[in-house]
Amino acid sequence: GDKIKVTWIENIPENADAQRVIRDLAQQGNKIIFATSFGYMNSVMKVAKQFPNVYFEHATGYKTSKNVKNYTARFYEGRYLAGMLAAATTKTNILGYVAALPIPEVFQGINAYTLGAQSVNPNIEVRVVWTNTWYDPGKEADATKTLIGQNCDVISHHTNSQAVASTAEAEKVKVISYHSAMKKAAPTQLIGAVTHHWDEYYAKRIEDVLNNRWKVEPVWGGAERHMVRLSAITDQAPADVVKDINDVYAKMEKGEFNVFTGPIVDNEGKTVIAEGQQADDAHLTRMNYFVKGVIGKVPTGK
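Residues numbered from 1 in each chain as written. Predicted model: local features only at pLDDT ≥ 70, side-chain atom pairs only at ≥ 80, totals over all residues. Heavy atoms only, no water.

Caption draft 1: Just the pairing of strand β4 (residues 94-99), in detail. Burial runs high along β4: six of the six residues are buried. The sheet contact formed by β4 and strand β5 (residues 125-130) spans six bridges and is parallel. In the strand pairing of β5, Gly96 is matched with Arg127. For the crossover from β4 across helix α4 (residues 104-120) to β5, the handedness is right-handed. Taken together, the five bridges between β4 and strand β6 (residues 154-158) define a ladder with parallel strand orientation. The partner of Tyr97 across the bridge, within β6, is Ser156. (Buried < 20%, exposed > 50% of the residue type's maximum accessible area, 1.4 Å probe, protein only. Helix = DSSP H or I, 4+ residues; strand = E, 2+ residues; numbered from the N terminus. Pairing = 2+ DSSP bridges. Right-handed = clockwise from strand over helix to strand, strands pointing away.)

Caption draft 2: Layout of the environment of Ala112. By the element assignment, Ala112 lies in helix α4. Residue Ala112 is classed as buried on the basis of its relative accessible area, which comes to 0%. Ala112 sits 34 residues away from Gly78 along the chain, and the two C-alpha atoms are 8.5 Å apart. In this view, Ala112 contacts Tyr76, Arg79, Tyr80, Val259 and Phe260; residues no more than four positions away in its chain are not counted. (Contact = heavy atoms within 4.5 Å.)

Caption draft 3: Highlighting the sheet that holds strand β13 (residues 294-295). Across the sheet, seven strands lie side by side as β10-β8-β7-β6-β4-β5-β13; this open sheet has mixed pairing. Across the chains shown, the open sheet's two edge strands, defined by having one partner strand only, are β10 (228-231) and β13. Relative to β10, strand β8 (residues 190-196) is paired through four bridges, and the arrangement is antiparallel. Residue pairing across strands places Val194 opposite Leu230, the latter belonging to β10. Across the sheet, α4 lies against β4, β5, β6, β7 (174-179) and β13, angled at about 165 degrees from β4, the strand it touches most. (Axes fitted to C-alpha atoms, helices over the stretch in contact; angles between N-to-C directions.)

Caption draft 4: Molecular detail of the nonpolar core. Of all hydrophobic cores here, the largest spans 57 residues; its most connected members are Tyr80, Leu81, Ile110, Tyr113, Ile176 and Phe260. Ranked by the residues each element gives to this core, the list is headed by helix α3 (residues 75-89), at nine residues. Residues in contact with Ile110, not counting those within four places in the same chain, are Tyr97, Ala99, Val128, Trp130, Phe290 and Val294. By size, the runner-up hydrophobic cluster in this structure holds 17 residues, among which are Ile12, Ala18, Val47 and Phe56. (Core = buried A, V, L, I, M, F, W, Y, C linked by side-chain atoms within 4.5 Å.)

Remember that the coordinates give geometry; whether it matters functionally is a separate question.
Next up, the structure:
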């Protein structure tokens, strides 16, 4: 209510401008500042030293201090659900995935997408094209066309523009978008979207500040905090699959479903998670392999 005043500033480059903007927000009397891109991390750390009575929260980073904590979401949980939807939609059994950079977060997403798809159809194959950047609409469009040329009839992506969605729309190929439901970019071909939801988390952190309960406790939250969802599911999706997706999400909410539960084998035949075992966070943050069903080799950077 009237206890809260919100200031937001958009499209701040991840350079010295970020430090200036964050400092300005602190000087204006803002008590808690959310910095919502990985590249703001060092700017947050520098400004936080100068304003010890202001609380700072940084999305997707890893550095903390007395008044800086970080938070991120288990995006891979939404990817698993997206894979279920894709498997129920494909006619070729070949799914396409436009990936940004070969880091653990992206491997988590590709592998979860594949596992979710295989839970519906064990014959699913996933093909990946890397852009090696988070944002390059031209490369993302080219990657989408490459995947379509490889007979992929459902495309998803872990990149930041609408190029995958708009290219899929132009090529009349089904697409599952990321970050937001890109209905304007793909009005006829969008079948779902892996989306992030921060409102519940932000409300709790603001309450913590109001009640002097704010603590430096890094958060990696998923369905149990409603940070990740599969949104905008098409009306054309089979009702039984939508029910299965909702049932799995309900189990995720209760902590009763772990995407990475063994036995899981990589695409070179090696067991990476044994039967009855579940991947812990240490495993997830080091993930550097493709599960069985993903076609291709892990990039080595060479």
